[in-house]
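# Results of the structural survey
The chain contents come next:
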Amino acid sequence: MKQIILGSIILLFAFSSKAQVIDKIDGIVDKKIILRSDIESQIQLLKSQGESYDNMHCEIFSQLAMGKLLVAQAAVDSVTVSGDEVEAELDRKINYYISITGSKEAFEEYYGKSIDELKTDFREDIKDQLIASRMRETVVGEIEVTPSEV
């Protein structure tokens, strides 16, 4: 029995010493994590649209962190969005990307998934984006700026 345990420990050590980092947590906001892969996928999306600028990583991290802060505050303030709003936004974004790639088939081939699978993957993110947007409107909507202040 001792040999099996010792062998298991050695085997575990051998595998752990060659382990590769698959993803990394770049930040945590109200128990929600910001993964390096989330930031990298946003960077790739912007680059595919022809955008590129210095400090892209920092800018996207800031946007994701602010979005998570707004979602956390929205939960406190009971700000919500309906399932129909989420589905409509999903459809709008998918149709936009289909128009960029040229066809539904090209879009699915690019991502390696069907549209239904992509909708499942992005549904929670879209919901959070809509909630953050609604919360931002709630916060900013109360601010009045005069022309002289501008």
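Scope of this entry: the structure provided in the associated data block. Not measured: the values here are computed from a predicted model. (Residues numbered from 1 in each chain as written. Predicted model: local features only at pLDDT ≥ 70, side-chain atom pairs only at ≥ 80, totals over all residues. Heavy atoms only, no water.)

## A look at helix H6 (residues 115–141)
Note the following rule: Note on bend: the value at a residue is the angle between axes fitted to the seven residues ending there and to the seven starting there. Helix numbers and strand numbers start at the N terminus; a helix is a DSSP run of H or I with at least 4 residues, a strand a run of E with at least 2. Accessibility here uses a 1.4 Å probe with only protein chains present; expressed as a share of the type maximum, an area under 20% marks a residue as buried, one over 50% as exposed, and anything in between as partly exposed. Contacts: residue pairs with any heavy atoms within 4.5 Å of one another.
Largest kink in H6: about 45 degrees, centred on phenylalanine 122. When we look at burial in H6, the residues that qualify are Ile115, Leu118, Lys119, Ile126, Asp128, Ile131, Ala132 and Met135. Residues of H6 that are buried in the fold lie against strand S2 (32–35), helix H3 (56–77), helix H4 (83–101) and helix H5 (104–111).

## Some words on the pairing of S2
A regular strand carries its side chains on alternate faces of the sheet. Applied cut-off: Pairs of strands are assigned from DSSP output, requiring at least two bridges between the strands.
Examined bridge by bridge, strand S1 (residues 25–29) and S2 share 4 bridges and lie antiparallel to one another. Its bridge partner being in S2, isoleucine 25 is matched across the sheet by leucine 35. Once S1 ends, the chain turns through 2 residues before running back antiparallel as S2, passing aspartate 30 with a positive phi of about 50 degrees.

## Quick word on the environment of alanine 74
Inspection of the secondary structure puts alanine 74 in helix H3. Overall, the relative accessible area of 0% leaves alanine 74 in the buried class. Linking alanine 74 and threonine 138, residues 64 residues apart in sequence, is a C-alpha distance of 9.4 Å. Not counting the four nearest positions on each side in its chain, alanine 74 is found in contact with Val79, Ile131 and Met135.

## Description of the packing of H4 against H6
Counted only if it meets this: Orientation is described by lines fitted to C-alpha atoms, with helices fitted over the stretch in contact, and by angles between N-to-C directions that extend from 0 to 180 degrees. Two helices crossing with the near one rotated counterclockwise from the far one by less than a right angle form a left-handed crossing, whereas a clockwise rotation gives a right-handed crossing. Classification convention: Asp, Glu, Lys, Arg as charged; Ala, Val, Leu, Ile, Met, Phe, Trp, Tyr, Cys, Pro as nonpolar; all other residues, Gly among them, as polar.
Remark: H4 packs on H6, axes separated minimally by 8 Å, with the N-to-C direction vectors making an angle of 115 degrees. As H4 runs across H6, the sense of the crossing is right-handed. Contacts between H4 and H6 pair Glu85, Val86, Glu87, Glu89, Leu90, Asp91, Lys93, Ile94 and Ile98 from the former with Ile115, Lys119, Phe122, Arg123, Ile126, Lys127, Gln129, Leu130 and Arg134 from the latter. Tallied by class, residues from the contact of H4 with H6 come to 8 nonpolar, 1 polar and 9 charged.

## What about the side chain of aspartate 128?
Worth spelling out the cut-off: Charged-residue counts in this description rest on Lys and Arg as positive and Asp and Glu as negative, His and the chain ends being excluded. Salt bridges are defined by distance alone: a side-chain nitrogen of Lys or Arg within 4 Å of a carboxyl oxygen of Asp or Glu.
Of note, aspartate 128 is situated in helix H6. Look at aspartate 128: it is buried, it has no salt bridge, and the nearest opposite charge is lysine 32 at 4.1 Å. Aspartate 128 has contacts with Lys32 and Val71, leaving out every residue within four places of it along the chain.

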